[in-house]
Amino acid sequence: MDLRRLLADAAPNRGTVFTIGVFDGVHRGHCHLLSRLTQAAAASHWTPAVITFSNHPATILRPDFQVKYLTSPEAKVELLKAQGVELVIPLEFTRELSQMNAGEFARTLVETLQLKGLVIGPDFAFGKDREGNEEFLRRAGQELGFWVETVAPLIVGGDAVRSRRIRRLVADGDLAAGNELLGREFRLAGVVVQGDRRGRELGFPTANVAIPDNMVIPGDGIYATWAIVDGERLPSATSIGIRPTFGLTERLVETYIFDFDADLYGKTLGVEFVEKLRDQEAFASVDALIDQVNQDVADARRSLAQDGGVRIG
């Protein structure tokens with residue numbers, strides 16, 4: 001990767017105020033920092049900008065580290081721009097990048113992107129061996145001509161809002177707490193693929209959504225959801241699990257869109273999770289399952305009717 005050329009090609013025609021990080025989820029904690037970034041940039045008529053890593057650096061530095069993401073790289077860029085960030089530069093974190101020393105990286109930002117200010121969190125560090133901490137950056141800024149501002153983390157419920165905290169909540173199915181920290185409904189997206197059409201046979205045709213393996217998926221259960229079809233939000237209920245009533249073992253994400261019967265195969269379907277309605281369970285008969293699904297649909301309609309739709313992006 002020719003980092004210098006990549007950054008130079010993206011450079012605006014004026015100075016920049018930057019922050020750097022993974023920004024998985026672009027949650028309320030991120031938005032807290034981004035708000036300060038955009039304010040500082042506007043005060044000096046500079047460009048608010050973000051360098052975001054499409055993969056978590058720990059996956060390169062620690063080969064045994066695995067992570068499931070809250071947002072795809074494409075969705076993350078959209079969310080960052082929705083916060084007023086004018087320039088978003090996605091980078092893949094590579095072994096080569098991990099070996100660049102902090103001084104070289106800071107100098108590269110100044111020379112290619114006219115870096116004027118750097119907004120960071122208190123535990124921020126970059127460069128080989130994480131040498132580019134706040135103290136180092138302030139010294140480098142005095143030499144190279146940029147300022148550094150550290151933003152305290154956003155505290156909610158006694159703890160800092162962090163991506164790993166939200167990942168844990170979503171994976172446990174606690175969408176109420178996860179959505180509160182995100183500042184919007186958690187959203188998945190995937191291509192609709194052929195299923196066994198069992199839902200249609202029961203009177204509830206579902207879209208079988210193929211979710212990428214590296215994404216966080218809520219815990220097994222039934223959820224009130226919004227389905228995003230061609231930019232339109234439609235009320236729906238989503239089942240996640242193995243469908244134990246039929247003795248199956250493949251974990252699926254299946255969305256039933258109310259009062260909708262168009263062909264979705266091959267389309268990308270977005271699913272926004274509003275509330276968990278119940279856990280997955282096995283039923284003694286198909287008729288008992290159908291009765292419960294009817295109840296789930298009614299519960300989902302009530303939940304969605306009460307959804308305020310508060311979103312940050």
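Residues numbered from 1 in each chain as written. Predicted model: local features only at pLDDT ≥ 70, side-chain atom pairs only at ≥ 80, totals over all residues. Heavy atoms only, no water.

## Some remarks on the packing of helix H1 (residues 3–10) against helix H6 (residues 102–113)
- The contact between H1 and H6 brings their axes to 9 Å, and the two run at 35°. As H1 packs across H6, the resulting crossing turns out to be right-handed. Between H1, through Leu3, Arg4, Leu7 and Ala8, and H6, the contact on the second element is made entirely by Phe105, Thr108, Leu109, Glu111, Thr112 and Leu113. (Axes fitted to C-alpha atoms, helices over the stretch in contact; angles between N-to-C directions. Helix = DSSP H or I, 4+ residues; strand = E, 2+ residues; numbered from the N terminus. Left-handed = near helix turned anticlockwise from the far one by under 90°. Contact = heavy atoms within 4.5 Å.)

## Observations concerning the sheet that holds strand E3 (residues 87–91)
- Across the sheet, which stays open at both edges, the 5 strands sit in the order E3-E2-E1-E4-E5 with parallel pairing between neighbours. Whereas interior strands pair on both sides, the edge strands pair on one side only; in this sheet they are E3 and strand E5 (147–150). Within the sheet, the average angular offset between the axes of one strand and its neighbour, ignoring direction, is 20°.
- Pairing analysis gives 6 bridges linking strand E1 (residues 16–21) to strand E2 (residues 47–53), with the strands arranged parallel. Looking across to E2, one finds that Val17 is bridged to Pro48.
- The strands touched by helix H7 (residues 134–144) are strand E4 (115–120) and E5; relative to E5, the strand with the most contacts, the crossing angle is about 155°. (Pairing = 2+ DSSP bridges.)

## Description of the sheet that holds strand E11 (residues 232–241)
- Around the barrel, which closes on itself, the 6 strands sit in the order E8-E9-E12-E11-E10-E13 with antiparallel pairing between neighbours. Sheet twist, expressed as the average angle between the axes of neighbouring strands with direction ignored, equals 45°.
- Note: E11 against strand E12 (residues 252–257), 6 bridges, orientation antiparallel. Opposite Ala237, over in E12, you have Tyr256 as the bridge partner.
- Helix H9 (residues 175–182) contacts strand E8 (186–193), strand E10 (221–229) and strand E13 (268–278) of the sheet and is inclined by roughly 125° relative to E13.
- Packed onto the sheet, helix H11 (residues 286–306) meets E10, E11, E12 and E13 and runs at close to 100° relative to E13.

## Focus: the pairing of E4
- The buried count for E4 comes to 5 of 6 residues, which makes it a mostly enclosed element.
- In terms of strand pairing, E1 meets E4 through 3 bridges, oriented parallel. Considered in E4, the bridge of Val17 is made with Gly117. (Buried < 20%, exposed > 50% of the residue type's maximum accessible area, 1.4 Å probe, protein only.)

## Things to note about helix H2 (residues 28–44)
- Under the 1.5 Å per step criterion, the end-to-end length of H2 is 25 Å for 17 residues, consistent within 8% with the ideal 24 Å.
- Each element contacted by the buried residues of H2 is listed here: E1, E2, helix H4 (73–82), E4, E5 and helix H8 (163–171).
- Where H2 terminates, the next one or two residues include His45, which has phi positive at roughly 60°. (Expected span 1.5 Å × (residues − 1).)

## Description of the environment of Val148
- Mapping Val148 onto the fold places it in strand E5.
- Look at Val148 and you get buried, because its relative accessible area is 8%.
- Separated by 141 residues in sequence, Val148 and Leu289 place their C-alpha atoms 59 Å apart.
- Those residues in contact with Val148 that sit more than four places away from it in its chain are Leu118, Ile120, Leu137 and Arg138.

## Section: the pairing of E12
- The buried fraction of E12 is high, at 6 of 6 residues.
- Here E12 shows no split at all, with Leu252, Glu254 and Tyr256 on one side and Val253, Thr255 and Ile257 on the other all buried.
- Direction of pairing for strand E9 (residues 207–210) relative to E12: antiparallel, over a ladder of 2 bridges. The residue of E12 that forms the bridge with Ala207 is Thr255.

## Considerations on the pattern of salt bridges
- With the rule as written, the count across this model stands at 17 salt bridges.
- For Glu143, the salt bridge identified is with Arg107, shortest N-O distance 3.1 Å. In this pair, Glu143 sits in helix H7 while Arg107 sits in helix H6, placing the two residues 36 residues apart along the sequence.
- Relative accessible area serves as the criterion here: at 59%, Glu143 is assigned to the exposed category. (Salt bridge = Lys/Arg side-chain N within 4 Å of Asp/Glu carboxyl O.)

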